[in-house]
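What follows is each chain in one-letter form.
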Amino acid sequence: MHDDRTLVESRLKRVLDERIRPAVYPESVPLEIGVWTAPGEPVPVAEGLAAPRTPIAVGDAWGAPWGTSWITVTGTVPQAWAGRTVEALIDLGFDANMPGFQCEGLVYRPDGTPVKGLNPQNQWVRIAAPAVGGEQVLLHVEAASNPVILDYHPFLPTELGDKETAGDQPQYKLTRMDLAVFDETVWQLVIDLEVLGELMAELPVDGARRWDVLRAVERALDAVDLQDVNGTAAAARSELAGVLAAPAVPSAHRISAIGHAHIDSAWLWPLRETVRKVARTTANMTALLEDEPDFLYTMSQAQQFAWIKEHRPEVYARVQKAVAEGRFVPAGGMWVESDTNMPSSEAMARQFVHGKRFFLDEFGVENHEAWLPDTFGFTGGLPQIIRNAGSKWLLTQKISWSQINKFPHHTFLWEGIDGTRIFTHFPPVDTYNCSMKGSEIAHAARNFKDKGVARHSLAPTGWGDGGGGTTREMVAKAGRMKDLEGSATVRWEKPAEFFAKAEAEYPNPPVWVGELYLELHRATLTSQAKTKQGNRRSENLLREAELWCATASLRTGAAYPYEQLDRIWKTVLLHQFHDILPGSSIAWVHREAEATYAALAAELDSLIDGAQQALAGDASGGRELVFNSAPHPRSAVPAGGAAPAVLGSGACEVIERPEGGFLLRNGLLDVVVDADGLVASVVEVANGRETVAPGARANLLQLHPDFPNMWDAWDVDQFYRNTVTDLTAVDALTALSAPDQAAVRVARSFGSSTVVQTLTLRAGEQRLDIDTEVDWHETEKFLKAAFPLDVHTERYAAETQFGHLYRPTHTNTSWDAAKFEACNHRFVHLDEPGWGVALVTASTYGHDVTRAVRDTDGGTTTTVRFSLLRAPRFPDPKTDQGLHRFRHALVPGAAIGDAVREGYRIGLPERHVTGSAEQVAPLVQLDNDALVVSAVKLADDRSGDLIVRVYEAGGGRARGRLTTSYPLAGAVPCDLLERPWDGTRGEVAVEDGGVRLALRPFELVTLRLSAAG
């Protein structure tokens, strides 16, 4: 037989596009249209419904950027349509390729009841089935004219990302506003042909199944009368019934589909618009659940449920009903799908605390999976946090985006830094926006790396990012692939059902140890510095507020601010969403974030001040107390307590050098700042050990060009290193001195920017503090601070949640080389046997570490560079412009415990309060510095019990005794939700009024302490 595949396939495409799809709606009549445009921000539904309308017509322009137009459509069902299915077709000016990324709408009935959302892939509203002739139609559409930020030519700078700069020109034209007859037989024929055409394209040419499908399609096309598609559609479908009924082979890959809309809580739209996106999508999905009995839908992010509850209670009632029926599945158990690299230990834990508790309180649902499809890499501390939250599974697919190395598994055990293992799945469909195309299903089956030992994978199905969710077309396609020869089998299944099956069939999966590093989007560790600083400051203030408010409550009876802290935590957790904290959102999002962080800081400072004053006593008492919220003693003030400070001893001096620059001395360190204002030498006096590599200079600011190939705010490509400018020119070099410190101020200018740095040695402290102020006005540049160290090491430690992880300093493999920009929390630490050095930071996260062998002496120079600022132009064309302040410190001779201590110190400054008390005893104390307290708070159940979270911070086994300054009745190990838990692997025992602890490396334990009597 002649090969006529191309002929039939081309015929199929044209007939579908030009004849069959248009016949889905064979008859239509126009609707009358009226519009009212809200003058500013979105208005309440009642106001939008009641506002007067102005006539508008198809073809008319509407919708200034970020505006809201209330559009009313009215019409009458023709008598001739009685008994048929009638739908309204509402096209606001959609581009079919941009669901979630342009204009959208939510349809309401006249009484204000929401009906469904409108987007480019969902433009229909069912009016009646069967229809009654003469029936009146009246619908209202809350239409959001969100501008297109990410267009066909992506990453072009635009001012549309902020309503303050977006202008007022209409963005869209009304395209279609009709009542139409819906021919379900033709629609079903479209689905039949799409499924078979897409399947056919994936089958081997030399296989019989492909030719069976081809001939059936050809017969169906022959059966279609192109002048009477509606009259012949049923005959065409009958020609396809046989090939659609052929069952899948027993060995077919099995896909668990779950309806989904990965809605970014903010990204190319502000938070307020996400509230409406969630309402539109959930209105659609609850309606689809009613129409499709086999369909299941899942939604993560408790915050998004909370938004619907607050802003769209009618939609939330539908969600509650569907959840109770087991068909709308809360997933993930986190407050938002957060970044996991940058949130602190406690913040990462609280994502699960607040997320899981919301689902438990609202729905009685206990989540066992973490659901993070789009997060930009996964910290090695996360498995333990997931387990301590009472969960055991993780889903993501983002690692498939890695540029260099293909991840070797799709289902595996992920082992974190403490040894906790989590059963993890990467959907081989390689998208969290599966649309049930045959190419996607075939790719999932071919791509699945665990063939032979496993055969299940999951496919999150529905339009996401900007929302939209699953469509009726996707459901219909999945129904045809439930058991179809040549295809993977598709079943709608809940995430927990999938994980249970996958775990059961794969009892000994491979193990991946350490972080899941995404070889992409590395610059998210640096973009939008003020957002990152606001996050870190909020985390630190929350630690302080919980500690001191708990102390004041137990000591003085002061009321503990449960509701206030709960609200603040949720706000901070929201802003850790994986497009806010990483700095990859539009200008509007980051402008609002900066204001939000400032308001939270003021509120938390007020809580802290009030609690500390209550503890310090009458302010007229005249005694100054220093409050230390760090987990280690300092200045003779105990951790978590207050006492008069004892200043460090030893003289500090600044000596001018004849060759230029200054020598700073405090008896512990000798620091040479040369004539260029660079650190030429840092010598540990006790042993004469030099920190700075020979011939190098530290605290060297370096400027790189920064124009990645794509994803401007997200990416830094390795070629940025090819060009570098060392900022050595100095405008002014000034010595500063005081009795307890020696300092030098360095002023520089470069490009359109200026920088002032203050380098300080303090009495009794073996560290060099570096305060940097940058007035930044560069474009597409990357600013780094380099510290070339005389250390020979093949690896270094970077702090992460509840511990640290190690990364190589070399590039032996492509996996090593890919980590050319990585994340730290408060420190990085390098050492060789007998000596180490720490670099600590108050608010920067990105860094790189490289090594080189010197020609002069054969020694190794290991260079650590902190990433300070970037200046990408998309999606915020003014990213990071303006004034920034950073704090870092260099700590020579530091062991890992010193790095931990100094990391906490730099972000938790001492607070001085005047009162009448002689001291404030800590609520709890530990006798081993390797055991670190990460949180002290009152139990959320308002029992009055104290919650104390402790982890081993050094990476070794540690024993210690926790004591309280009040009579202790008992200590119960808990999970993160403060429920009794037997998951602690270490030893916890109450004895002699204290708690004996024996923890394994990086082990975390949460204790509920009850007071006696």
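Here goes a summary of the coordinates provided.

Cut-offs applied
Residues numbered from 1 in each chain as written. Predicted model: local features only at pLDDT ≥ 70, side-chain atom pairs only at ≥ 80, totals over all residues. Heavy atoms only, no water. Phe/Tyr/Trp six-rings, centres within 6.5 Å; stacked < 30°, edge-to-face > 60°. Helix = DSSP H or I, 4+ residues; strand = E, 2+ residues; numbered from the N terminus. Buried < 20%, exposed > 50% of the residue type's maximum accessible area, 1.4 Å probe, protein only. Lys NZ or Arg CZ within 6 Å of the ring centre and 35° of its normal. Contact = heavy atoms within 4.5 Å. Polar contact = N/O pair within 3.5 Å; in protein donor to acceptor, adjacent residues only side chain to side chain. Axes fitted to C-alpha atoms, helices over the stretch in contact; angles between N-to-C directions. Parallel < 35°, antiparallel > 145°, perpendicular 65-115°, else oblique. Left-handed = near helix turned anticlockwise from the far one by under 90°. Nonpolar A, V, L, I, M, F, W, Y, C, P; charged D, E, K, R; others polar. Pairing = 2+ DSSP bridges.

This part is about the packing of aromatic side chains. Applying the stated criterion across every chain yields a total of 40 aromatic pairs. When the ring of Trp-267 is compared with that of Trp-714, the centres are 6.2 Å apart and the planes differ by 85°; the resulting orientation is edge-to-face. With Trp-267 in the loop between β13 (254-259) and α6 (271-291) and Trp-714 in the loop between β30 (700-705) and β31 (725-726), this pair connects stretches of sequence that are 447 residues apart. The residues Trp-267 and Trp-714 share a single accessibility class, namely buried. Judged by centre distance (5.5 Å) and plane angle (65°), the ring pair of Phe-305 and Phe-363 falls under edge-to-face. Note that Phe-305 is positioned in helix α7 (residues 302-311) and Phe-363 in helix α9 (residues 345-363), a separation of 58 residues in sequence. When its relative accessible area of 0% is taken as the criterion, Phe-305 is described as buried. One aromatic cluster is present, formed by Phe-295, Tyr-297, Phe-305, Tyr-316, Phe-328, Trp-335, Phe-358, Phe-359, Phe-363 and Trp-492 through successive ring pairs. In this structure, Lys-277 is placed above the aromatic ring of Trp-269, and the distance from its NZ or CZ to the ring centre is 4.2 Å. Positioned over the ring face of Tyr-904 is Arg-826, at 3.8 Å from the centre of the ring.

Positionally, Gln-766 belongs in the loop between β34 (753-762) and β35 (768-776). Exposure remark for Gln-766: the relative accessible area of 24% places this residue in the partly exposed category. Taking the C-alpha atoms as reference, Gln-766 lies 41 Å from Ile-399; in sequence the two are 367 residues apart. Look past the residues within four positions of Gln-766 in its chain and what remains in contact with it is Leu-668, Leu-669, Glu-684, Val-891, Pro-892 and Gly-893. A distance of 3.0 Å separates polar atoms of two side chains, one belonging to Gln-766 and the other to Glu-684. Within the structure, the side chain of Gln-766 is placed 3.0 Å from the backbone oxygen of Pro-892, a separation counted as a polar contact.

What follows is about the packing of α6 against helix α8 (residues 313-324). Closest axis-to-axis distance for the α6/α8 pair is 9 Å, and the angle between their directions is 45°. Considering the angle they form, α6 stands oblique to α8. Judged by the sense of rotation from one axis to the other, the crossing of α6 with α8 is left-handed. Between α6 and α8, the contacting residues are Ala-279, Thr-282, Ala-283, Thr-286, Ala-287 and Leu-289 on the first element and Val-315, Arg-318, Val-319 and Ala-322 on the second. Here the contact of α6 with α8 is composed, by residue class, of seven nonpolar, two polar and one charged.

This part covers the sheet that holds strand β27 (residues 669-673). Spatial ordering of the open sheet is given by β25-β26-β27-β28-β29, a layout of five strands whose pairing is antiparallel. Edge positions in the sheet fall to β25 (653-656) and β29 (689-690), since each has one partner strand and no second. Strand direction decides the pairing type here: β25 and strand β26 (residues 662-665), joined by four bridges, are antiparallel. Residue pairing for β26: Val-654 is matched across the bridge by Leu-664.

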